[in-house]
Amino acid sequence: MKVPFSWLKQYVDIDISAEELEKKLFSCGFEVEELIDLSAGINRVVVGVVTECEPIEGTHLSKCKVDCGSYGKDIQICTGASNVYVGMHTPAALDDSTLPGGVHIKAKPLRGVDSFGMLCSGEELGLNDDLFPGSEVYGLLDLPKDTEAGTDICKVVGLDDYIFDISVTANRPDCQSVLGISREVAAILGKPVKMPALDYTVQGDITEKANITVDAPDLCPRYIGHTVHDITFAQSPAWMRRNLALCGIRGISNIVDITNYIMLELGQPMHAFDLDLLDEKRIVVRRANEGEKITTLDSKEFTLNPNNLVICDGKKPVALAGVMGGLNSGINENTKNLLFESAKFMRDNIRKTARSLGQNTDASGFYEKGISEYTTELAMARALHLIQELGCGKIAPAGCDVSAGASREGRKFDVKITEINNILGIEVPADEVVKILKNLFFEVAQDGDTLHIVAPRWREDIEIGAPDIAEEVIREYGYEHIKPTFLKDAAVTSGGLTADQRQRSKLKNIMCAQGCCEVSTLGFYSDAELDMLRIAEGAPERRVIRLINPISANLSIMRSLLAPSLLNVVVNNIKRGNYEGRIFELSNIYVPKQIPVTELPDEIPHLCFAAFGDGEDFFTVKGIVETLAESFGLHFEYRRAENVPYLHPGVSADVICDGKKVGSFGKLANEVLKNLDLVKDSRDSFNILLGEIDYRALSELFPKTMRYTPVSEFPAVSRDLALVADEATLCGDITSVISDACKYVGKVELFDIYRGGQIGEGKKSMAFKIDFAPAEKALSQEDVNGFVDKILENLKEKLNIEIR
Amino acid sequence: MEEIIRALREQLDAALANVRSKEELSEFWQTFMSKKGKISDLMKNLGKVSKEERPAVGKLINEFKEAAEAKYREVEQKLDALETERRNREETVDITLPAKKAAKGALHPITITKNEMINVFAGMGFDIYEGPEIEDDDHNFTRLNVAKNHPARDMQDTFYVAEDIILRTHTSPGQIRVMDAQKPPIKVLVPGRVFRSDSDATHSPMFHQMEGLVVDKHITLCDLQGMLDKFVQNIFGEKVRTRLRPSYFPFTEPSVEVDVSCFECGGKGCGLCKHTGWIEVLGGGIVHRNVLANCGIDPEEYSGLAFGIGIERIAMLKYGINNIGLLFENDLRFLGQFRD
């Protein structure tokens, strides 16, 4: 929120610079997001008094002699402005001066006549009529005659000022106003607050009185109305318009300006009704009826329901409470009498209404943050004072103040100084605590260690107990007093990762060791991603959790599969010219327990990986998978993948562990490949492999313990066998038969496949190296021959395989 | 006989001087040193020498033989050395040719940063807890002292999947889950993904946070700063200090924003710290009494501190990454650079 330095100074005697104040506010919890120096960009611009002025023949220009005080009594400046005259006091930008917007003025001839600067309009100084009356005149700014030649122009026109743009935290709605910030500044400086004037005189002869009923005190705990009669509309005074303008609000008329002024000064939105437009001249605050309609001041029509609070007259809604007045009852140039509203509406309700109707206004912004009843009372008094000060009308003898009965006193409680210091961990002296709290307008009575406290009425954020008071104390006392300690009273704990967390960390390291880069993708995507991977309608992956309020349609469902995310990463890399690589991610998929979702879904960690580029094929990826299995003491078997629509049917496998399918991997299906978002003719040439493993299922199969197998003291004996098998015979089946034939068979390694030549049509020759690992004794050649015979016999019988 | 030996010595020396290769050396051996060689022939002729002279001549022959063998070995060694030298020359490679190596993978910078942070706190006795990413309103807000329609809910734009089920907006619900399951002393770190409906140059709709919680007797603001000092010194270097300043979070009271002295300029002011000497890194405070009470922990007996750190923020500062988008683009040229 924007707070002008000059306005603050009206309430607090500030004797430090704006920059120093910025630092102090910051350390007390009020971050100044921007300190705007209104004189920024204006340099060497002074009051000039025109002493001579003559037209330059044949041009629209005038040649002037200007008295600029100490800068020169007789400076020649040419101007094109027609309102220049001898004796005029006007801003003079000297040689080598600057104006807002980066304008640089230098001495140079105009139409052959030397000009040592420029005379300025109000606009050229960034002024308008509200900031400095007369600024919008066409031509030069005509300054008052009491201005002294050579004076810095910023001082003369009020640009020697600053605007503090302050970020106020959500717990401090009381600081959403100039007065609120003034109170903090006063506390920081240890000075009093000069309260704005609140007194006013009523006109006893007015018999009309505001007639107000509140039917929904739960949503409107306080409603104060007061009527003002015989209104005279006029422009509000310069001081008021200037303060409004500094905060970015243009002056409109005295009544409107007063309501805006009070909103900025005190943080209370006010509304003015035309009393004569109110049926029965009364106000009823109630919940809207279902389907009731209102048209607000900005001509928008809303259909309401009982969750919305409305201000009604005797018959109809005349305002959407806390949001905006109605078009049917607002003040206009014909208004004779008005009713001021200063009310407290419950912030939650206003927030909901503003949200649900999409009607967020300045007023609703204040109400949503929260307004204290103290402010509501203060604002009405201040408004009536301003009515009187500005002479806008006659004030009725009495207002109508409807209250739900909240206490008119601040929150009262006791706090022990030791409790405060126990939270902080340091000893703030008792008198310091008392002084700080008093500076912050708390009433404090000390009784030994106990403080009897009454919080200021506007501090509705203060909760009973020591923590809030401790925070008030330390932010004023200074956080630099905190002396770091290292959990000196805390118990010693062991800490560290759980077994599961360690395994996941290990998994990531294993993937890295195999050349995979870990990626981080968003947890949501869209149905289009599932379409891309050809996931069938009705497949389990289609049962997804949908976001009610996604940022965009392409981030609208919680992912049920990681593969689409990783495929997108591959595609994006290829597009950027990274034509090969390996990636992985270990992340959750989300499985709803029911749809619509009524309880927390299952979050299942999945490992997804992809390899792409010329060097990759099914078997390089199988290598990754095998290494993974070995690293965790698992044994994988592979079956042709079933129901994995995004993988190539002939080049993909389901991964089986302990008889259970834990995932699949393989080459990306051609149907998927040809639709990828890549240059059309290039798509077919990309070699992409993809796999996804249910990590949770896998981790359940991790052996719990590991025991070593004794190493034989005898060397292994190996034999090479070349076997002729049918083309369709699977290598895995052959190795199984070999391994099962004899308990001494260790490693079985395929080292060659040969087709053609003497090998018959439809056959292949496969060469295996078989290790026989003895345990209890060395194996003789005869032993090994016996094993080989047994293996060959089994191969013949089970797979119709012959030795070559 | 002496004459014969002298002649043979000359012959032998001449022959050895001409030896240029192992083959020639072997030929030389055959000619002179083998059992059928010329030196053996001398021995055979010893019988012809008179009995009296025989010992002296025998000695001469033996001396000659030993000397010849020594010369032979010398030449043999020389040839060996030459041979090795030749082989070395032939086998010499250009050591600047490219290495043959397995492709190197890399952990994501977020993971590396997260692990580093975990290591620091695990060393301080913190357990690591990971809660659900899809949370209920109760854990994410209500029990953290953020009632329905609390203005603080506006601080965090929430993704909803049902009326009361949301994508967690912070890792703070982990506090509640831990305190429900465990009573003090508690020291726990809750890393994880969080989600906010916010996406622009400086925000990603998904990012990572790390929550820290300590609940025990007599936990103070001094403890919070002391612990965070150790943390930032581990991450950013020994000389870094923290600065606390007031802030507001509904679940802590007092609440603080924690800045670190700029590790780039040492606090003098530079582009990284926007010329303030300080960099905002995290938020924290003393756990609100309501939050403890909401988890059945007596706030009269125990107190706690809590803090929340944006992992992206730390990673970006650590690696000088200026755009959060880079962390989620997953360009291999970017990812491949990181090491832990």
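Residues numbered from 1 in each chain as written. Chains lettered and ligands numbered in written order. Predicted model: local features only at pLDDT ≥ 70, side-chain atom pairs only at ≥ 80, totals over all residues.

1. Quick notes on the overall build of chain A
As a reminder, the rule being used: Comment: elements are numbered from the N terminus, with helices defined as DSSP H or I runs of at least four residues and strands as E runs of at least two. Our exposure labels follow a C-beta count within 10 Å of each residue's own C-beta, placed from the backbone: buried means 20 or more other C-beta atoms, exposed means 12 or fewer, and partly exposed covers the counts in between. C-beta atoms are placed from the backbone for every residue, and two residues are taken to be in contact when these atoms lie within 7 Å.
Check the secondary structure of chain A and you find 20 helices and 39 strands. Considering only C-alpha atoms, chain A reaches an extent of 130 × 80 × 60 Å along its principal axes. Counting only residues that meet the buried cut, chain A has 42% of its 804 residues in that class. Restricting to contacts in chain A with at least 6 residues of sequence separation, those with at least 24 account for 69%.

2. Structural notes on the domain arrangement of chain B
Note the following rule: Domain start and stop positions are those given by an automatic or database domain assignment.
Under the domain assignment used here, chain B contains domain 1 (2-91) and domain 2 (109-335). Here the C-alpha centre of domain 2 of chain B lies 88 Å away from the C-alpha centre of domain 1 of chain B.

3. Considering the sheet that holds strand E2 (residues 31-37) of chain A
Residues and elements named next belong to chain A. How we decide: What makes two strands pair is DSSP finding at least two bridges between them. Working convention: axes come from line fits to C-alpha atoms, limited for helices to the stretch in contact. Angles between N-to-C directions cover 0 to 180 degrees.
Overall, antiparallel pairing links the three strands, which are arranged E1-E11-E2 in an open sheet. Edge positions in the open sheet fall to strand E1 (2-4) and E2, since each of these has one partner strand only. On average, each strand axis in the sheet is tilted by 25 degrees relative to the strand beside it, whichever way the strands run. Bridge count between E1 and strand E11 (residues 162-167): three bridges; the pairing is antiparallel. Note that in E11 the partner of Lys2 across the bridge is Asp165. Relative to E2, helix H2 (residues 18-27) is tilted by about 170 degrees, and along the sheet it contacts E2 and E11.

4. A closer look at helix H8 (residues 362-369) of chain A
Residue and element names in this part refer to chain A. Burial of H8 is extensive: six of the eight residues sit out of reach of the surface. Of the positions making up H8, those classed as buried are Ala363, Ser364, Phe366, Tyr367, Glu368 and Lys369. Here the buried face of H8 lies against helix H6 (254-266), strand E20 (324-325) and helix H7 (347-357). Immediately beyond the C-terminal end of H8, within one or two residues, lies Gly370, with a positive phi of roughly 115 degrees.

5. A word on the domain arrangement of chain A
Many descriptions give the size of an interface as the accessible area lost when the pieces come together. Structurally, chain A comprises domain 1 (2-38 + 162-189), domain 2 (43-157), domain 3 (211-403), domain 4 (412-477), domain 5 (499-700) and domain 6 (717-803). The C-alpha-based centres of domain 3 of chain A and domain 5 of chain A are spaced at 59 Å.

6. Comments concerning the interface of chain A and chain B
Stated formally: Three classes are used: nonpolar for Ala, Val, Leu, Ile, Met, Phe, Trp, Tyr, Cys and Pro, charged for Asp, Glu, Lys and Arg, and polar for all others, with Gly counted as polar.
Every contact between the two is made by 78 residues of chain A and, on the other side, 67 residues of chain B. At six residues, helix H12 (residues 466-477) of chain A tops the list of elements feeding residues into the side of chain A that touches chain B. For the side of chain A that touches chain B, a count of residues per class yields 36 nonpolar, 25 polar and 17 charged.

7. Thoughts on unusual backbone geometry
The residue after Ile595 of chain A, namely Pro596 of chain A, is reached through a cis peptide bond having omega 0 degrees. Glu253 of chain B connects to Pro254 of chain B through a cis peptide bond whose omega is -5 degrees. Tracing the backbone shows Pro254 of chain B in strand E7 (residues 252-261). Positive phi is not limited to glycine here, since Ser299 of chain A has a value of about 65 degrees.

8. Observations concerning the confidence of the model for chain B
If pLDDT is low for a region, its predicted coordinates should not be looked at in detail. Condition: Confidence of the prediction at every residue is given by pLDDT, a number between 0 and 100.
With 98% of its residues at a pLDDT of 70 or more, chain B shows a mean pLDDT of 91. Interface confidence in the predicted complex, given as ipTM, is 0.87; pTM for the same model is 0.86.

9. So, the packing of helix H10 (residues 417-424) of chain A against H12 of chain A
All names here are of chain A. The criterion, for reference: The cut-offs work like this: below 35 degrees is roughly parallel, past 145 is roughly antiparallel, 65 to 115 is roughly perpendicular, and the gaps in between are oblique.
Taken N-terminus to C-terminus, the directions of H10 and H12 make an angle of 70 degrees; their axes are 9 Å apart at the nearest point. Judged by the angle between their axes, H10 and H12 are roughly perpendicular. Along its contact with H10, which presents Glu419, Ile420, Ile423 and Leu424, the element H12 presents Ala466, Pro467, Ile469, Ala470, Val473 and Ile474. Class assignment for the residues of the contact of H10 with H12 results in nine nonpolar, no polar and one charged.

10. Points about the environment of Cys262 of chain B
Residue and element names in this part refer to chain B. Its location among the elements puts Cys262 in the loop between E7 and strand E8 (278-287). Along the primary structure Cys262 and Lys239 are separated by 23 residues, whereas in three dimensions their C-alpha atoms are 9.7 Å apart. Leaving out residues up to four positions away in the same chain, Cys262 has contacts with Gly267, Cys270, Leu272, Cys273, Gly277, Trp278 and Ile279.

11. Quick notes on the sheet that holds strand E38 (residues 763-772) of chain A
All names here are of chain A. With respect to topology, four strands assemble into an open sheet ordered E37-E38-E36-E39, the strand pairing being antiparallel. Of all strands in the sheet, those with a lone pairing partner are strand E37 (745-754) and strand E39 (802-803), marking the two edges. Contacting strand E36 (717-726), E38 and E39, helix H20 (residues 781-799) runs over the sheet at an angle of about 20 degrees to E36.

12. Looking at helix H10 (residues 311-319) of chain B
Residue and element names in this part refer to chain B. Ile311, Glu312, Ile314, Ala315 and Leu317 are the residues of H10 that are buried. Each element contacted by the buried residues of H10 is listed here: helix H5 (109-123), strand E5 (206-216), helix H8 (221-236), E8, strand E9 (303-310) and helix H11 (326-329). Positive backbone phi, at 70 degrees, marks Gly320, one or two positions downstream of H10.

13. Considerations on the pairing of strand E12 (residues 211-214) of chain A
All names here are of chain A. Burial along E12 is one-sided: the face carrying Ile212 and Val214 is buried and the face carrying Asn211 and Thr213 is not. Pairing between E12 and strand E15 (residues 282-287): four bridges, direction parallel. Of the residues in E15, the one forming a bridge with Asn211 is Arg282.

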